[in-house]
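# A structural walkthrough
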Amino acid sequence: MALTACGGSSGDGDGPVTLDVWLMRDSVSQEFQEEFVTAFEDAHQDIDVNVQIQDWNGIGERVTAALASNDAPDVIEVGNTQVAQYAASGGVADLTDRVEELGGEDWLPGLAEPGAVDDRQYGIPYYAANRVVIYRTDLFGAAGVDPDELTTRDAWLAATEQLNEPEGQQGIYLPGQNWYALSGFIWDEGGELAVETGDGWEGALHTPEALAGMEFYERLQALGQGPRDSDEAEPPQVEVFAGNEVAQIIAVPGGAKLIVERNPELEGKIGFFPIPGKTADTPGAVFTGGSDLVIPAASHDPEAAFTFVEELTGERWQQELSRAMSYVPNKTTLVDQVGDDPGVAAMAVGAANGRATPNTPAWAAVEAENPIKEYLTAVLTGSDPADAARDASEVITRALNP
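Residues numbered from 1 in each chain as written. Predicted model: local features only at pLDDT ≥ 70, side-chain atom pairs only at ≥ 80, totals over all residues. Heavy atoms only, no water.

- Naming follows an unreviewed UniProt entry, where the chain appears as Extracellular solute-binding protein of Streptomyces sedi.
- Under the UniProt heading Sequence similarities (unreviewed entry), the note attached to the chain is "Belongs to the bacterial solute-binding protein 1 family." (UniProt positions renumbered as here; feature names shortened; annotations may be inferred.)

This is the structure we're talking about:
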């Protein structure tokens with residue numbers, strides 16, 4: 001196996017075919033990469049694999065250029081919400097006819113849906129991660145709150161209010177601009193961030209359903225001291241959680257490791273549960289992050305590339321990946337395989353109700369301007385929700401219809 005920063009080319013002639021594979025830096029460990037590739041090459045001695053590590057910074061331009069060339073890699077890892085923009089270029093192989101072979105009926109919707117464009121499947125789900133509730137077991141215990149009973153949003157609100165005692169303790173730290181959390185609450189209500197119409201796309205934050213999601217966000221955010229004008233990165237919410245008497249935050253489970261690094265006294269005092277939904281029978285909707293795998297149309301050996309994708313996204317290696325990286329496997333049928341990791345188990349419950357951003361190449365322009373953050377701050381600082389939502393929807397509409 002070759003493991004390089006970039007470059008490489010597919011071989012030809014009578015020897016083994018060489019697959020050039022672009023994987024993203026730090027998405028998985030080098031140890032996992034080497035273990036998988038070694039096993040793959042042992043099982044397929046007519047295929048050599050050249051893994052080329054790519055940085056996320058500037059990846060969009062590099063992938064777009066590669067797909068437009070005659071010398072594209074054979075497999076590329078892409079962010080799940082990036083598939084639409086790459087598929088729009090016409091340089092990605094249509095794998096719709098291979099979905100059944102890959103067990104696609106069991107894929108996580110938050111990975112599978114953004115991997116499809118116009119009912120054609122271009123991205124193959126690779127791995128997922130989503131937000132859960134990270135909580136202090138000692139503070140919950142002192143307040144008599146059982147996280148297993150927090151299966152509805154109403155119960156969660158009541159418990160969070162209870163966790164605001166004693167004085168100086170925050171029931172939850174929720175920054176005002178956590179638009180990922182807001183998205184889940186909107187989806188729970190049956191709303192959308194934007195909807196496709198006959199003429200394009202329209203922002204949908206002003207609909208009654210989306211406004212109901214905003215109302216819940218406002219109630220939850222008020223039960224802590226999170227800033228109204230910044231997101232979870234400023235200040236880093238793991239630092240706030242580590243340094244204060246904070247009962248809960250909404251974050252990916254990996255945040256727990258960062259918390260303990262900052263405050264070793266919290267070792268053994270951190271737990272996880274899925275974000276509650278409106279009713280006990282359905283977990284809260286969550287934004288599903290993660291990656292898909294695509295095969296460029298210019299792959300030198302698309303069948304060998306498909307074999308690589310099939311194995312990396314298959315049951316054996318999905319289980320290995322979950323154990324190695326604390327990711328959610330790509331299929332709902334593999335959820336039971338991750339129960340020994342409480343953070344991943346909580347993530348997997350939410351992932352079954354996972355969603356992604358609107359499936360249009362233009363969504364990147366929305367995030368660049370991000371009127372959703374401005375909308376959140378406006379409402380939390382006293383603006384009329386309906387007026388602020390309509391303003392934000394208009395900005396989204398303009399961004400989605402350049």
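## What about the packing of helix α6 (residues 153-162) against helix α8 (residues 208-221)?
- Axis separation between α6 and α8 bottoms out at 10 Å; the angle between their running directions is 20 degrees. For the element pair α6 / α8, the angle class is roughly parallel. α8 is crossed by α6, and the crossing has left-handed handedness. Across from Arg153, Trp156, Leu157 and Thr160 in α6, the residues of α8 making contact are Phe216, Arg219 and Leu220.
- Across the contact of α6 with α8, the residue classes break down as 4 nonpolar, 1 polar and 2 charged. (Axes fitted to C-alpha atoms, helices over the stretch in contact; angles between N-to-C directions. Helix = DSSP H or I, 4+ residues; strand = E, 2+ residues; numbered from the N terminus. Parallel < 35°, antiparallel > 145°, perpendicular 65-115°, else oblique. Left-handed = near helix turned anticlockwise from the far one by under 90°. Contact = heavy atoms within 4.5 Å. Nonpolar A, V, L, I, M, F, W, Y, C, P; charged D, E, K, R; others polar.)

## A closer look at the packing of aromatic side chains
- Under the defined criterion, the tally for this structure stands at 17 aromatic pairs.
- The interplanar angle of 45 degrees and the centroid separation of 4.5 Å between the aromatic rings of Tyr135 and Phe140 together place this pair among those described as tilted.
- Within the aromatic cluster, the residues linked to one another by ring pairs are Phe32, Phe36, Phe40, Phe308 and Trp317.
- Taking NZ or CZ as reference, Arg98 lies 3.7 Å from the ring centre of Phe306, over its face.
- If you follow Arg131 out to its NZ or CZ, it ends over the ring of Tyr180, 4.2 Å from the centre. (Phe/Tyr/Trp six-rings, centres within 6.5 Å; stacked < 30°, edge-to-face > 60°. Lys NZ or Arg CZ within 6 Å of the ring centre and 35° of its normal.)

## Quick notes on the pattern of salt bridges
- In total, this model carries 14 salt bridges according to the counting rule given.
- The partner of Arg136 in a salt bridge is Glu245, and the shortest N-O contact between them spans 3.7 Å. Taken together, the positions of Arg136 in strand β8 (residues 132-136) and Glu245 in the loop between α9 (237-243) and β11 (248-251) put the pair 109 residues apart, joining distant regions of the chain.
- Overall, Arg136 belongs to the buried group, its relative accessible area being 5%.
- Judged by relative accessible area, which is 39%, Glu245 ranks as partly exposed.
- Glu189 is the salt-bridge partner of Lys278, the closest N and O atoms lying 2.9 Å from each other. With a gap of 89 residues between them, Lys278 in the loop between β12 (270-273) and β13 (286-294) and Glu189 in the loop between α7 (179-188) and β9 (194-197) connect regions that are remote in the sequence.
- Note on Glu189: relative accessible area 18%, which makes it buried.
- Each of Arg153, Asp188, Glu189 and Lys278 takes part in a single network of salt bridges with overlapping partners. (Salt bridge = Lys/Arg side-chain N within 4 Å of Asp/Glu carboxyl O. Buried < 20%, exposed > 50% of the residue type's maximum accessible area, 1.4 Å probe, protein only.)

## Description of the nonpolar core
- Counting 51 residues, the largest nonpolar core has Trp156, Leu205, Tyr217, Leu220, Trp363 and Tyr375 as its most contacted members.
- Contact partners of Trp156, with chain neighbours within four places excluded, come to Val133, Leu150, Ile172, Phe185, Phe216, Leu220, Gln248, Ile250, Phe273, Ile275 and Pro276.
- In this structure, Val51, Leu102, Trp107 and Ala304 belong to the second largest nonpolar core, which totals 34 residues. (Core = buried A, V, L, I, M, F, W, Y, C linked by side-chain atoms within 4.5 Å.)

## Observations concerning the domain arrangement of the chain
- Partitioning the chain into domains gives domain 1 (17-129 + 289-355) and domain 2 (132-287 + 359-400).
- The interface is formed by 21 residues belonging to domain 1 together with 18 residues belonging to domain 2.
- Area buried by domain 1 at its contact with domain 2 is led by Ala346, Asn353 and Arg355, which between them contribute 39% of it.
- Connecting domain 1 to domain 2 are 1 salt bridge.
- Here Arg355 makes a salt bridge to Glu192, at a shortest N to O gap of 2.7 Å. (Domains from an automatic or database assignment. Buried area = accessible area lost by both parts, 1.4 Å probe.)

## A short note on the sheet that holds β8
- Spatially, β11-β8-β12 is the arrangement adopted by the 3 strands of the open sheet, whose pairing is antiparallel. Edge positions in the open sheet fall to β11 and β12, since each of these has one partner strand only. Direction aside, the axes of adjacent strands within the sheet are offset by 30 degrees on average.
- Where β8 lies against β11, 4 bridges are found, and the strand directions are antiparallel. (Pairing = 2+ DSSP bridges.)

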